[in-house]
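# Descriptive structure summary
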Amino acid sequence: MARRSIVNRTTKETDIKMELMLDGSGKGNINTGIGFFDHMLEGFSRHGFFDLDCEVKGDLKVDGHHTVEDTGIVLGNAIREALGDKKGIRRYGSSILPMDDALCLCAIDLCGRPYLDYNCQFTAERIGELDTELIREFFYAVSYSAGMNLHIKMMSGINNHHMAEAMFKAFAKALDEAVGLDERITDVLSTKGSL
C-alpha cells in the first residue's frame, strides 16, 4: 500500500497544495515563488527519494515568511499523514552530510513528540530570494506539525548556499532512513506500544 498523502491548506496569507509519496523515486515538482526555496525542496525530494508535488501561492509582496513557514506546516502534516499508524518504520534516522566546505548533522526521531534543536549561523541575510532566518522557521514548522524530534547542527561551513543545501539534503537522508520499513518491526518501535 502506497504511503501517500495529499494536503491542502488555505489561509488569508497562503494557498498550498501538496502531494507527498514517501516511497517514491525522487521526483519533485515544486513552485513556491521563491527560487532558492524551490531548489532546496527539490534537493529534499531527490535525495530522500520522495515524490513531492508542491504548489504555493503566498503573500510574497509582504515577504517570504508566511510562504516558507506554511510550507513547513503542510510538509509536516503530509509526512504525518503518509506515515499513518507508523507500524514497521525504523523511527530513527540520521545523516552527516558534506557539501563542499559545509558539514551538517541531522538526526530524527518520529516519536510523535515535536522538538527542534537547530544550530546554524548563516553569515548572509539572504540566499537568492530566501531570507536565511526563515530556514529555521521552516524546520520548526515541519517538526511540530509532523510530531518529530529533529536535530540539525551545522558542524562546519563557509559558503551559505552550501550550508543550506547540506541541511536540506541531510534532512532528506535522515527522514528517508526514519520512514524506512524494517521487516523485523511487526508493530511500532516503542515499548509504549504506540508512537
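Notes on the structure follow. (Residues numbered from 1 in each chain as written. Predicted model: local features only at pLDDT ≥ 70, side-chain atom pairs only at ≥ 80, totals over all residues. Heavy atoms only, no water.)

Our focus in this paragraph is the nonpolar core. Counting residues in hydrophobic clusters, the biggest one holds 59 residues, and the most contacted among them are Ile 108, Phe 139, Met 148, Met 167, Phe 171 and Leu 175. Element by element, the count of residues in this core is highest for helix 4 (residues 160-179), at twelve residues. Residues in contact with Phe 139, not counting those within four places in the same chain, are Leu 116, Tyr 118, Leu 150, Ile 152, Met 167, Phe 168 and Phe 171. (Core = buried A, V, L, I, M, F, W, Y, C linked by side-chain atoms within 4.5 Å. Buried < 20%, exposed > 50% of the residue type's maximum accessible area, 1.4 Å probe, protein only. Helix = DSSP H or I, 4+ residues; strand = E, 2+ residues; numbered from the N terminus. Contact = heavy atoms within 4.5 Å.)

This part is about helix 3 (residues 133-146). End to end, helix 3 covers 21 Å across 14 residues, agreeing with the expected 20 Å (1.5 Å per residue, within 8%). In the core, the buried residues of helix 3 are packed alongside helix 1 (35-48), helix 2 (65-83), strand 7 (115-119), strand 9 (130-131), strand 10 (149-156) and helix 4. Looking at the residues trailing helix 3, positive phi occurs at Gly 147, about 75°. (Expected span 1.5 Å × (residues − 1).)

So, on to the sheet that holds strand 6 (residues 102-109). The mixed open sheet is built from four strands, whose spatial order is 5-6-10-7. Of all the strands in the sheet, just strand 5 (92-99) and strand 7 have a single pairing partner and so form its edges. Each adjacent strand pair in this sheet contributes to an overall mean axis angle of 10°, direction not counted. Bridging between strand 6 and strand 10 involves seven bridges; their strand directions are antiparallel. Considered in strand 10, the bridge of Asp 109 is made with Asn 149. (Pairing = 2+ DSSP bridges. Axes fitted to C-alpha atoms, helices over the stretch in contact; angles between N-to-C directions.)

Note that all results are geometric; they support no functional claim without further evidence.
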